[in-house]
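# An overview of the molecular structure
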4 protein chains.
Amino acid sequence: MGIANGKEISTKQLCDIMEEAYRRGKEVLPQGKVATYIPELGKADPGALGISLCARDGWHFNIGDTNRRFTIQSISKVISLALALELLGMDKVFERVDMEPSGEAFNSLIDLDLISNHPMNPMINSGAITVANMLLGKMSFEEIQDVFRKVCEDPEMESNEAVFRSEMQNLSRNRAIAYLLQSKGILDDRVEETLELYTRLCSLQVTAVSLASMGMTIAMDGKLGNGESVFTGRTMEICKTIMLTCGMYDRSGRFAVKVGLPTKSGVGGGLVSVADNHVGIGIYGPALDDKGNCVAGGPILEYLSRELQIHLFQKNTYVDRMMEQR
Amino acid sequence: MGIANGKEISTKQLCDIMEEAYRRGKEVLPQGKVATYIPELGKADPGALGISLCARDGWHFNIGDTNRRFTIQSISKVISLALALELLGMDKVFERVDMEPSGEAFNSLIDLDLISNHPMNPMINSGAITVANMLLGKMSFEEIQDVFRKVCEDPEMESNEAVFRSEMQNLSRNRAIAYLLQSKGILDDRVEETLELYTRLCSLQVTAVSLASMGMTIAMDGKLGNGESVFTGRTMEICKTIMLTCGMYDRSGRFAVKVGLPTKSGVGGGLVSVADNHVGIGIYGPALDDKGNCVAGGPILEYLSRELQIHLFQKNTYVDRMMEQR
Amino acid sequence: MGIANGKEISTKQLCDIMEEAYRRGKEVLPQGKVATYIPELGKADPGALGISLCARDGWHFNIGDTNRRFTIQSISKVISLALALELLGMDKVFERVDMEPSGEAFNSLIDLDLISNHPMNPMINSGAITVANMLLGKMSFEEIQDVFRKVCEDPEMESNEAVFRSEMQNLSRNRAIAYLLQSKGILDDRVEETLELYTRLCSLQVTAVSLASMGMTIAMDGKLGNGESVFTGRTMEICKTIMLTCGMYDRSGRFAVKVGLPTKSGVGGGLVSVADNHVGIGIYGPALDDKGNCVAGGPILEYLSRELQIHLFQKNTYVDRMMEQR
Amino acid sequence: MGIANGKEISTKQLCDIMEEAYRRGKEVLPQGKVATYIPELGKADPGALGISLCARDGWHFNIGDTNRRFTIQSISKVISLALALELLGMDKVFERVDMEPSGEAFNSLIDLDLISNHPMNPMINSGAITVANMLLGKMSFEEIQDVFRKVCEDPEMESNEAVFRSEMQNLSRNRAIAYLLQSKGILDDRVEETLELYTRLCSLQVTAVSLASMGMTIAMDGKLGNGESVFTGRTMEICKTIMLTCGMYDRSGRFAVKVGLPTKSGVGGGLVSVADNHVGIGIYGPALDDKGNCVAGGPILEYLSRELQIHLFQKNTYVDRMMEQR
């Protein structure tokens, strides 16, 4: 099997590694807390944990609560960005959203108002709301949902109406961000429409398995298992880079060093991680750390990255060996 | 030749690519300005430009002013960090310096004072001064200089006394940073000693060629051309990640997307760039952009990255082909 | 006549002083600019200038465009605060709004989001929107308008519908502030209703004469010329202090030193100034400085303050003389 | 007796008021903490409290620990400012220091580095260090000390060498501020000399009685009891205004509203308060609140201000009566 980066690994070895990763994740769950800023999210089970790993051949290795549905939340930002890049092109997108990591909390207004006059990147709320505004009128929600379903190889994905309505009733901070963006000319007048689309995309329901498939689609540069291409390689290259530098809010730098995989989290407890060209990983664990990331994500991904030798800058020993033979 | 990532490339092709990159760099030089905050730096020739590319086999491809000596400045931060990691271990280093990209200008006090109580990362002045403090008493300047010489395969490297003295006389902002760090307990009482070491390391003189060798040493995980290992693979992995996320100040995110190579700049006009496992690139161009990075660096590296297919997330077609044959 | 603080002054002298003040104001008008963030405001005549001074005996001394109507804008914040203090009491009001000068621009979100979790004071937009929220349901717009008419001794005061509608269509920044306040629990759910009341109060139309009367009402601790009491002395004491420390945005400190009179400005070009117990001053000059204050206000009030000896801390020589005779 | 503002008050009444003020101060002492950032200051007795009130005729009314010596600390900023104003004139002083209240903590670098390029006002450390730099070379420490002695009618005032040395050894934050000021061209090269003068002035030892006299000198526009003029009226007018808007750090606004007296605090536990033209008040209480102000100061001064009717904007009924008789 070709899961690990440049070395053979047996199914038995992989299962052992997954089990140990799961055990390490389980161990830190008590340190996390379920998001409660929206009543519906507060109902999640803080003890839930699932890991799904999707290999190049499409095989999934699952452990724990991998079939439980939860809302995708901020992970939707990656697919929305990819769509905007395909529809408008890189220049038009990055005219309105920057691509710099932000040293602030994920929904901070400071950078936006003080440092720059643009959202710092498309992985924070201000940036993703701007991206949603770009999609308005170009694609309907249903069409976008179809793309989400394809990318996640999850044709039954639907939005959770209860969460959607609950979020719409607790939208004051995002509304503040959106109107601030409008006041700076970054959002057009369709503020409320934009907020609705943004929130609806956040309420789409996935599983750890669908996130692992999403990771694999990104790892394969937008190509699905059936060979169909959803996104271009250039779009995926941009998304992977931005996930790496900005995907974990103000813990992105630490994550890049310790895990070395483009990763995006959502307050619903989801996490998608990409070992380029090799593996997609999906995690579900609604117990969050103080930055709003799945608390088990760090220990699980750090362990998997090391054991599977998939850190971005880990030497590709198998490949090296082959090259040296030249 | 094995320069490009997974595809054969002829020497002629490479020379053409280098020439075009040089031409593009030359074109934007008039948009930049030589650093003048230190009188000695202001004497540099804004029209100077040199590119050196070092391949795996140790061959250098040079164009332009590649033998002119200039001070390494902030590029020294990478080697200092590597030394601290080797001497103290990752945990001890990152107890005192964080590893998050900073959305502020390279020498800003804001993040340090307001957001965090630690330097945001070792690539900004506050972080590098803290790293210098860690080295004090563990290695003499001469010993550190020896490591710099090895990493850059440049045994004649010496510090520029005029620049060193000029910087010591214009040190008020760094001195402010250092005393603020002391007030927060991050620097011990050897503040002036630390500033002197930090400044002396910044005043070491390199060429584009030595920077290309430095890039190659990092690309090869700390191994020199003669097989000697200066740093461990883990140390280099950390340095490459941090160069990628933080190496270009508040333009690091844009650089990661567009160039996709761990890169570090210095106000002396130097730039070192690493195509992991493949290529080291050194650039000299003292005309800087408004963020303090060599203004020609962006266009040159963007072009080289695309033509040589060495962007971090670019598909490794040659490798792919081999793997598919399995 | 008892206009000047502790010294006799003739009508002729006063007229000369007013003329010189007017001349000095006229002189700096070309340095200012009419507010254009709302199209309707942009129509004002940048050359317009009027000064009205109301003495203790009710006499008005007018020069220039003192009968032209313009929207009261932020000057309404003083009367709204006074109303909230009367209706809810000091403790309830300052639970939700702080009373510290803010070093930021008048509509900044930074302090609100980063430093404090409350509006810094009731003279900036976030604070005044919070105060408007306090008035909702306790008084109708018509009732509040009646108070404004009384305080300004201007029974014909009406809101300017064109400006009101224009502001409601360009409300994105205030809307951002209001929703941010809601997200922090400082505003209740009546956000849009609050914004409408706030904006409607801003669109009430006054003249320099009505503002001079307003200043006199405050100077006399809430007592009108006919002896009727609109506000208590304690409420006026608080308003005067806050006008002094916060009334001129981030130029309040300079104004307090140089002019030494509680003063409040509005982007419509109005300015009300209070020489406690002695004089009320109203100015109209829609050409604004870079902080959004009437550009002529500084030179005019600085001159009047010195010539009439009404600076807050100017020695009350006439009174002193009397006291020494005791 | 002419202590209260415009009304007769008997000695007995005044003693009762002082006693009640003292009782109220004593009550809140347990909520405060002695400053410990400098070991020497940490030795102060948190239970100590003294109030001294100086009337126009020079009489002092004392209660509690009014003869204990303590270091003047930041209260020295008022006299230093007055000296700089006399020596250089208003324009030259306010070219280098602004006069705006700062919404940040008393020694914050944020405003200085981010918002403005000047110290926000002369009552915070950055501003006072700049003022000390202005005095260098114009007056010796001994000459300045003589002025302090006069202003406080305290000919035996000396600096506390132990505190001075302790502060000089714990100066890193002020040193950071000073070098940042140098880097911005606000301080000249005599940084260490400036810090020494600044710190030495902070270590001068006063009593509550000397502070009450200092308050009276300011209240009388710079005139001593013996008729000698130390400062001009204009200088005192500026100092009083700045004490009012900036004297209590980021609680100045609240203090102005509730107490309504120009006041300055020091971390040594001192407080000087000025009822213009009427009374000087000195307080000693080293137990500080979280902003670094004497914790008992608020309740004591709020009570005295109300009972003695000396709030800045309180109606001067006695004077009014006289004026109405005209």
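Residues numbered from 1 in each chain as written. Chains lettered and ligands numbered in written order. Predicted model: local features only at pLDDT ≥ 70, side-chain atom pairs only at ≥ 80, totals over all residues. Heavy atoms only, no water.

Chain A appears in an unreviewed UniProt entry as Glutaminase from Mogibacterium kristiansenii. Annotation of chain A in UniProt includes, under Catalytic activity (unreviewed entry), the sentence "L-glutamine + H2O = L-glutamate + NH4(+)". Of chain A, the UniProt comment under Subunit (unreviewed entry) reads exactly: "Homotetramer." (UniProt positions renumbered as here; feature names shortened; annotations may be inferred.)

Now for the UniProt feature "binding site: substrate" (unreviewed entry) in chain A. Residue and element names in this part refer to chain A. Under the UniProt annotation, the feature "binding site: substrate" (unreviewed entry) is placed at Ser74, Asn125, Glu167, Asn174, Tyr198, Tyr249 and Val267. On the secondary structure map, Asn174 appears in helix H8 (residues 172-183). Look past the residues within four positions of Asn174 in its chain and what remains in contact with it is Asn125, Ile129, Leu195 and Tyr198. Here the side chain of Asn174 touches Asn125 through a polar contact of 3.0 Å, side chain to side chain. You can see Tyr249 is positioned in the loop between helix H11 (233-246) and helix H12 (252-258). (Helix = DSSP H or I, 4+ residues; strand = E, 2+ residues; numbered from the N terminus. Contact = heavy atoms within 4.5 Å. Polar contact = N/O pair within 3.5 Å; in protein donor to acceptor, adjacent residues only side chain to side chain.)

On to the sheet that holds strand S3 (residues 60-64) of chain B. Strand pairing in a sheet takes place through backbone hydrogen bonds and is either antiparallel or parallel in direction. All names here are of chain B. An order of S3-S2-S8-S7-S6 is seen for the five strands of this open sheet, with the pairing classed as antiparallel. For this open sheet the edge positions go to S3 and strand S6 (263-265), each flanked by a neighbour on one side alone. Adjacent strand axes in the sheet meet at a mean angle of 10° when their direction is disregarded. Pairing of S6 with strand S7 (residues 270-275), which is carried by three bridges, proceeds in the antiparallel orientation. By the bridge assignment for S7, Ser265 is matched with Leu271. Each of strand S2 (50-55), S3, S7 and strand S8 (279-284) touches helix H10 (residues 208-219); the most contacted strand, S8, lies at about 150° to it. (Pairing = 2+ DSSP bridges. Axes fitted to C-alpha atoms, helices over the stretch in contact; angles between N-to-C directions.)

Under the counting rule described, the total for this entry stands at 84 salt bridges over all chains. Residue Lys240 of chain B pairs with Asp221 of chain B through a salt bridge whose shortest N-O separation is 2.8 Å. One end of the pair, Lys240 of chain B, is in helix H11 (residues 233-246); the other, Asp221 of chain B, is in the loop between H10 and H11, with 19 residues separating them in the sequence. The burial state of Lys240 of chain B is the same as that of Asp221 of chain B; both residues are buried. A salt bridge links Arg251 of chain B to Asp289 of chain B, with the shortest nitrogen-to-oxygen separation between them at 3.4 Å. Note that Arg251 of chain B is positioned in the loop between H11 and helix H12 (252-258) and Asp289 of chain B in the loop between strand S9 (287-288) and helix H13 (297-307), a separation of 38 residues in sequence. Among the charged side chains, a network of salt bridges with common partners joins Glu20, Arg23, Arg24 and Glu27 of chain A. (Salt bridge = Lys/Arg side-chain N within 4 Å of Asp/Glu carboxyl O. Buried < 20%, exposed > 50% of the residue type's maximum accessible area, 1.4 Å probe, protein only.)

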